[in-house]
Every structure is written in structure tokens, then in C-alpha cells.
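# Commentary on secondary and tertiary structure
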Amino acid sequence: MGVPAPKPGFLGMLPLYAKKGIIGMDLEMTEKYGRVSGIFHGRIPALLISDAEMIKQIFVEDFSKFVNRNRFVPSVNMMKKAVSNVENEEWKYMRSIITPTFSSAKMREMCSSINLCCDRLVKKLASKIDPDKAIKLDELCQSYTMDVIAATSFGLDIDSHNNPDNSFFKNAKRTLNFSFSLNIIVLCMMFPFLTDILDYLNIGHIPKDSAEYFINVVNQALDDRKADSSTRRDFLQLMMNAQKENSENSGRGLTKDEVLANSLFFIMAGFDTTSLTIAFTLHCIAIHPEVQERAFREIQSKLGERKPNYDNVKELEYLDMIISETLRLYPPATRLNRRANCDTTVKGLFIPKSMVIMIPLYTLHRDPEYWIDPEDFNPERFSPENKHTINPYAYMPFGAGPRNCVGIRLANLVTKIAIVTLLQNFQFIQTPETEVKPKLATGGFVRPQNGTWLQVRSR
Ligand code: HEM
């Protein structure tokens with residue numbers, strides 16, 4: 001195709017993936033070959049693009065030619081109908097049904113159950129405080145987001161902090177277990193035709209018994225709700241209502257399988273991404289105490305002791321700047337991807353049908369052409385005076401265009417409620433255990449390999 005690329009070996013570029021991880025590989029590729037290069041994802045050829053103008057064309061201007069993502073791994077039957085997996089018209093229809101379940105009104109209604117999960121987080125953290133020791137915060141943040149997902153998606157009160165062995169928590173974690181899925185991911189990278197075969201055989205990257213557990217949870221909830229459903233405000237109910245409203249308006253609504261697939265996908269999409277964002281935000285403000293102090297003062301002056309909710313967190317401008325900057329330095333998703341559905345040309349480069357496009361988010365968010373002093377944590381980049389200078393296609397923690405993250409509002413709300421409540425109660429302090437520049441894990445999401453260790457003091 002005339003794009004620069006290293007010569008792949010029999011294993012494609014698998015050795016580089018294994019040695020450097022996705023982030024390390026993307027940084028090296030961009031440094032060596034520039035903003036457009038060719039890679040082999042296993043044996044799947046793909047273009048690695050971090051040119052903002054091209055990204056804009058692919059994600060927005062020519063969206064109709066790049067509607068779908070590439071599927072690198074097979075999915076068990078129950079996940080095939082999730083909005084992230086369906087394609088073309090089916091995706092368009094499903095997205096239109098799901099989007100209203102994340103409306104402002106629905107988010108407002110979910111606040112009290114999020115506050116409840118946050119109260120538990122505060123209690124648990126308070127019980128762990130030791131003036132001489134740092135606390136590892138990652139699992140606490142995970143338990144909080146899992147509680148939020150169980151409550152907002154299924155209306156379940158699971159209290160993961162105190163019942164880490166509850167079936168919901170255990171099975172949800174198993175569905176996200178990267179080492180379980182790694183073998184299948186690598187196999188499909190090497191032999192792409194296997195994706196369809198495993199797909200057909202209903203062998204995916206989710207353990208079967210965990211998949212079955214969730215099928216039962218949803219079936220049970222759907223049965224329980226047949227009798228009385230009016231007062232529930234979780235996603236399962238909202239999707240069921242959407243199903244009813246749509247079929248009354250001559251749409252077909254969502255089938256039970258679609259409701260199931262999407263409820264389960266919300267766990268996968270929301271759990272790690274949100275807990276990592278909370279943990280990285282705490283990390284960043286601990287190593288920048290002046291930022292933490294200003295955030296605390298803002299919370300005190302705008303909210304005082306009041307609980308955060310959908311409306312009052314909007315007043316916290318500085319907090320928003322901090323979280324945006326954290327997501328620039330540590331975007332949980334390592335790469336975005338799209339697949340061309342026809343031959344086309346992007347900024348003069350011919351792209352054949354079925355070509356996979358990958359966007360290296362971490363590299364893009366630290367590209368010195370788009371960011372001044374990219375390695376520095378500086379929330380001022382996102383101040384009202386400065387943020388117009390940011391190229392929106394060089395900053396995409398939630399993706400871009402019509403197929404961006406549908407859960408942005410929820411993700412921001414859950415993150416902000418956690419940070420506000422935590423800062424109302426605690427101070428976070430760097431210790432010798434804190435890695436100022438955290439070493440990042442090589443697989444899956446952008447994640448601190450050794451965890452987030454901070455000292456915590458009650459206010
Ligand atoms: C900080 C937290 C989160 C981050 C950083 C994040 C990031 C992303 C990214 C990068 C994408 C791909 C977008 C693209 O390809 O352009 C995505 C897609 C998606 N996210 Fe999120 N996400 C977060 C939280 C959530 C939550 C809480 C939910 C739902 C409960 C959610 C649901 C989804 C769904 C359904 C998609 C697929 C959309 C589609 O294909 O139409 N996400 N997210």
C-alpha cells in the first residue's frame with residue numbers, strides 16, 4: 001500500500017506485542033514510521049493511524065464507510081447482539097434504542113444508588129487507614145464500580161467490598177479475566193479464520209459457566225419483573241421499557257437476547273474503564289497536592305457537605321479539568337478500531353475494503369505535535385480559556401463520531417461522584433511506594449502494573 005512498515009515474520013508482529021505490549025509497540029511504531037504505518041496484528045494486516053485529520057475523516061466525515069469495528073475475537077452467542085458487536089443497520093437501530101437509556105433524566109434517577117455505593121467505599125477505605133502505611137486503592141475502586149454496575153444495570157445490591165465472594169462479582173471478574181482470554185485472542189490473531197469457526201461453535205473469550213450465570217440472572221430478573229416493573233430505574237428495566245415503547249410505536253423493540261447481551265456488555269465496558277479512571281485520578285492529584293487542594297476548595301465552596309449528584313457536579317469546573325487531563329495521560333482503552341466497508345481514500349491514501357484501522361490512543365494523547373509538554377500533568381489544558389486549542393481528534397478517551405462511547409454520561413457521573421465524595425472525606429498523599437510514573441501493564445487496558453499505592457488521611 002506504500003505505507004512504511006516493518007517486515008513481519010511468520011508470527012506477524014506477535015513477538016513485538018509480547019515484548020513491548022500494545023502501548024510500547026504503538027510508541028515504537030509511531031516513532032520509527034510516523035503517523036501512518038502498517039502493522040500485522042498477528043496475521044491480520046492493519047493501518048496504525050495517529051494523524052488527527054485522517055482520524056476525523058474516518059470517524060466522522062466518512063463514517064458511513066467505517067461504521068463497524070473489526071472483531072478480533074469470537075463472541076459467545078449471548079454477546080453477539082451487544083451494541084458494540086452488531087453491524088451496519090442493526091447497529092444503527094440498536095444504538096437508537098439504547099442511547100435514550102443514558103439520558104440526563106435517567107442519570108439523575110440513578111444518583112441515589114450511586115451515592116449509596118460511594119458511602120460503602122468511604123466506609124471501607126476509612127477502615128483501612130493506617131497512618132504509617134500506603135493503601136492499594138485499585139481493588140477498592142473496582143468494588144465500587146462493580147456495586148454501581150450491579151445496581152444501575154440489574155437493580156442488585158451486591159456490596160462487593162464486604163462480600164467479595166458473591167457470585168455476581170466473581171463471575172463478572174471472570175468475564176473480564178484477561179489471562180483467560182489471552183490464549184483465544186492470540187490464536188485468533190494468528191489464524192483469523194478461527195474467529196468465525198469458534199464463533200460458530202459458541203466458544204468465546206468469556207468462560208461458559210460465567211456466561212450461563214448471567215443468563216440466569218437476567219432471566220430471573222425478567223421473570224420477576226413481569227408482575228411489577230413500574231418503579232425500577234436500572235438499565236435492564238429501561239431496555240425492557242424501550243422494548244415495549246418501541247413495539248407500541250411499530251418498532252420491534254429489543255429481544256430478550258439483545259437485552260441480555262447489552263446488560264452484560266455494560267459490565268464489560270464500564271467496570272475496568274471507570275475504576276481505572278478513578279484510581280488514576282487519585283494518583284495524579286496525590287502527586288500534585290496543589291491540584292488536590294484546589295479541587296477540595298472548589299468542592300467545599302460549591303457543595304460543602306452536600307452529596308454530589310448529576311446537577312451539582314456540573315458546577316465543578318476544575319474537577320472536570322482534572323479528570324479530562326487524567327484521561328489524556330491514562331486513557332483506559334489502548335486502541336480504537338474501525339474496518340473499511342468499501343474501497344475508499346483517506347487524505348490521499350487508498351484504503352481497500354475490509355482494511356482494519358487502529359488508532360493508538362496512548363500515543364496520540366502524548367504526541368508532541370498536538371500537546372505542549374505532553375508528559376506533564378496539567379489540568380489547565382482543559383480550562384475554558386484553553387480547551388478550544390485542543391484538536392478533538394487528538395483527544396478521544398471515549399472514541400469519536402456516531403459510534404463513540406454510549407456510556408460517557410454515566411462514566412463521568414460515576415467517576416465524579418466518587419472523587420467528590422472521597423475528597424470530602426479524605427486526603428491522598430504520595431508515599432515511597434507510589435510510582436510517580438506508573439509502570440503500565442502490557443495487556444488489555446492502560447493499567448498500573450503494580451497498583452495505585454497512596455497514603456490516605458481522614459479530613
Ligand atoms: C471512563 C469510563 C469509560 C471509558 C474511558 C470508555 C471508553 C470507550 C471507548 C474508547 C469506546 C470505543 C469508542 C469508539 O470506537 O469510537 C467505548 C465504547 C462503548 N462504551 Fe465506553 N467507556 C467508559 C465507560 C462506559 C460505561 C460506564 C458504559 C456503559 C454502562 C460504556 C458503554 C460503551 C458501549 C456500549 C460502547 C460501544 C458503543 C457502540 O459500539 O455503539 N462505556 N467506550
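Cut-offs used in this document
- Sequence positions are assigned chain by chain, starting from 1 and proceeding in written order.
- Side-chain atom pairs in this predicted model are given and counted only at pLDDT of 80 or more, local residue features only at pLDDT of at least 70, and totals for whole chains, interfaces and linings cover all residues.
- Water and hydrogen atoms play no part in the side-chain values, which are based on all heavy atoms of the structure.
- By this definition, two strands are paired if DSSP reports at least two bridges between them.
- Secondary structure elements are taken from DSSP: a helix is a run of H or I of four residues or more, a strand is a run of E of two residues or more, and numbering for both begins at the N terminus.
- Helix axes use the C-alpha atoms of the stretch in contact, all axes being lines fitted to C-alpha atoms, and the angles between their N-to-C directions lie in the range 0 to 180 degrees.
- We call two residues in contact when some of their heavy atoms are within 4.5 Å.
- We call a residue near a given molecule or strand whenever any one of its heavy atoms falls within 4 Å of it.
- In protein, a polar contact requires one atom able to donate a hydrogen and another able to accept it; more generally it is a pair of N or O atoms within 3.5 Å, and residues adjacent in sequence count only if both atoms are side-chain atoms.
- Partly exposed residues are those whose accessible area sits between 20% and 50% of the maximum for their type, while under 20% is buried and over 50% is exposed, using a 1.4 Å probe and protein chains only.
- Coordinating donors are taken to be N, O and S atoms lying within 2.8 Å of the metal, or within 3.2 Å when the metal is Na, K or Ca; because water is excluded from the atom set, some sites may appear incomplete.
- Residues belong to a common nonpolar core when they are buried Ala, Val, Leu, Ile, Met, Phe, Trp, Tyr or Cys residues joined through side-chain atoms within 4.5 Å.

This part covers the sheet that holds strand 4 (residues 335-339). Taken in spatial order, the 4 strands make up an open sheet running 1-2-7-4, and their pairing is mixed. The open sheet has two free edges, formed respectively by strand 1 (36-41) and strand 4, since each of these has just one partner strand. Adjacent strand axes in the sheet meet at a mean angle of 30° when their direction is disregarded. Here 3 bridges tie strand 2 (residues 44-49) to strand 7 (residues 356-360), and the two strands are oriented parallel to one another. Pairing of leucine 47 across the sheet is with isoleucine 357, part of strand 7. Where helix 1 (residues 14-33) meets the sheet, its contacts fall on strand 1, strand 2, strand 4 and strand 7, and the angle it forms with strand 1 comes to roughly 160°.

What follows deals with the site of the ligand. Neighbouring residues of the ligand: 29 residues in total, closest Trp91, Arg95, Arg338, Arg403 and Cys405. The separation between an oxygen atom of the ligand and a polar side-chain atom of arginine 69 is 2.9 Å. One of the side-chain nitrogen or oxygen atoms of tryptophan 91 is found 2.8 Å away from an oxygen atom of the ligand. For the shell around the ligand, the elements supplying multiple residues, two or more each, are helix 3 (88-98), helix 11 (256-287), strand 4 and helix 15 (408-425).

Let's shift gears to the side chain of arginine 328. Locating arginine 328 in the fold gives a position in helix 13 (residues 317-329). Judged by relative accessible area, arginine 328 falls into the buried class, the value being 0%.

Another point: helix 2 (residues 52-61). Taken together, the buried positions of helix 2 are occupied by Ala52, Met54, Ile55, Gln57, Ile58 and Phe59. The opening residue of helix 2, the one whose side-chain oxygen lies 3.0 Å from the backbone nitrogen of glutamate 53, is aspartate 51.

For the iron atom of the ligand, the sole protein-derived donor is Cys405 (SG), lying 2.3 Å away. If you trace the backbone, cysteine 405 turns up in the loop between helix 14 (361-364) and helix 15.

Across soluble globular proteins, you tend to see nonpolar side chains buried next to one another. Residues Tyr144 and Phe428 are the most contacted members of the largest nonpolar core, which totals 126 residues. When residues of this core are assigned to their parent elements, the largest contribution, 16 residues, is made by helix 11. Apart from the residues lying within four places of it in its own chain, the contact partners of tyrosine 144 are Ile114, Cys117, Cys118, Leu121, His161, Ile278, Val414, Ile417 and Ala418. Listed in part, the 13 residues of the second largest apolar core include Leu16, Ile39, Phe72 and Val356.

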